[in-house]
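Okay, here's what each chain looks like letter by letter:
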Amino acid sequence: RTAHMAMQVLRLLLNFAIDRGEILHNPAIRPGKYRSKQFEPWSDDAIAQFREKNADDDQMLRALDIGLYTGQRRGDVVSMTAKHYNGQKISVVQEKTDERLWIPVHSALKARLDQKKQFMLLVTATGKQFTATHFGHVFHDAVLKADLDGLSFHGVRVTAAMKLAEARSEEHTSE
């Protein structure tokens with residue numbers, strides 16, 4: 001957002017220069033989108049390593065599965081409650097887009113969610129609801145515990161999208 005705001009200000013300044021006759025055209029009219037950071041997808045080995053090193057942390061394993069099998073942003077994940085899960089689908093209204101989604105629940109995620117019932121699908125060590133920021137820190141600590149520095153929860157979302165695309169591709173090639 002900061003980069004886009006900077007480009008907007010630059011365009012205004014260059015348009016001012018055009019109006020004063022200082023320059024002939026504005027090179028900042030169509031600069032393209034700025035991409036600040038690419039998020040590394042998680043390999044199957046990284047997922048297995050995370051599970052192994054965090055085997056004693058049900059909430060972080062649950063978080064990983066929710067991320068892998070729903071592909072949702074961390075803000076949406078931490079707001080999911082038991083009433084959003086009916087045993088077959090998870091309902092979520094995305095914070096960023098305000099879109100309601102019904103996501104079919106993968107059998108691995110179903111097993112994780114049915115294993116331990118709690119009001120919030122993810123809770124802190126004290127049983128309270130995570131904020132997105134606090135969840136990000138706790139998940140990052142679990143990533144470091146697994147010796148996977150450089151990976152993030154957003155990378156789990158990237159992995160979910162890649163796996164979904166691969167599944168659709170395999171589905172189309174088998175027809």
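Refer to the structure above for everything that follows.
So, here's what we can say about the structure.

Take the overall build of the protein next. A tally of helices and strands in the protein yields seven helices and two strands. Its C-alpha radius of gyration of 21 Å places the protein more than 25% over the 16 Å reference for a compact globule of 175 residues. When the backbone C-alpha atoms are referred to their principal axes, the protein occupies close to 70 × 50 × 35 Å. Counting across all 175 residues of the protein, residues that qualify as buried make up 34%.

Glancing now at the nonpolar core. One finds Trp42, Phe50, Phe135 and Phe139 to be the most contacted residues of the largest nonpolar core, which totals 31 residues. Of all the secondary structure elements, the ones that give two or more residues to this core are α2 (44-53), α3 (58-70), α4 (74-78), β1 (89-93), α5 (107-115), α6 (132-145) and α7 (153-173). Ranked by residues supplied to this core, first place goes to α3 with five residues. Setting aside residues up to four positions removed in sequence, Phe50 forms contacts with Trp42, Met60, Leu61, Leu64, Phe139, Ala142, Val143, Ala146 and Leu148.

Our next topic: a nonpolar patch on the surface. Nonpolar side chains collect at one region of the surface, where Met5, Val9 and Leu13 lie side by side and expose about 290 Å² of accessible area between them. Tracing the chain through its elements places Leu13 in helix α1 (residues 2-19).

Moving on, we get to the packing of aromatic side chains. Evaluated as defined, the whole model comprises seven aromatic pairs. Considering the side-chain rings of Phe135 and Phe153, the 5.1 Å spacing of their centres and the 85 degrees angle between planes classify their relative orientation as edge-to-face. Of the two residues, Phe135 sits in helix α6 while Phe153 sits in helix α7, which places them 18 residues apart along the sequence. Taken individually, Phe135 and Phe153 each receive the classification buried, so the pair is uniform in this respect.

Each value, and the rule that gives it
- Within each chain, residues carry numbers counting from 1 in the order of the written sequence.
- Per-residue local features are limited, in this predicted model, to residues with pLDDT of at least 70; the limit for side-chain atom pairs, both in listing and counting, is 80 or more; totals at the level of whole chains, interfaces and linings are taken over all residues.
- Calculated side-chain values reflect all of the structure's heavy atoms, with hydrogen atoms and water omitted.
- By the criteria applied, helices consist of DSSP H or I runs no shorter than four residues and strands consist of E runs no shorter than two, each listed in order from the N terminus.
- Between the two quantities, the radius of gyration covers C-alpha atoms and the globule rule is 2.2 Å times the number of residues to the power 0.38.
- Exposed residues in this analysis have more than 50% of their type's maximum accessible area, buried residues have under 20%, and partly exposed residues fall in between, with area computed by a 1.4 Å probe over protein chains only.
- Residue types Ala, Val, Leu, Ile, Met, Phe, Trp, Tyr and Cys, when buried and joined through side-chain atoms within 4.5 Å, form a set referred to as a nonpolar core.
- In this description, contact between two residues means that some pair of their heavy atoms is separated by no more than 4.5 Å.
- Here, patches come from residues exposed beyond 30% relative accessible area and free of salt bridges, joined within 9 Å for like charges and within 5 Å for nonpolar side chains (Val, Leu, Ile, Met, Phe, Trp, Tyr).
- Accessible surface area values rest on a Shrake-Rupley calculation with a 1.4 Å probe, where residue burial reflects the displayed protein chains alone.
- When a carboxyl oxygen of Asp or Glu lies within 4 Å of a side-chain nitrogen of Lys or Arg, that pair is called a salt bridge.
- Aromatic contacts are taken between Phe, Tyr and Trp rings whose centres are within 6.5 Å, Trp giving its six-membered ring; a plane angle under 30 degrees counts as stacked, one over 60 as edge-to-face, and the others as tilted.

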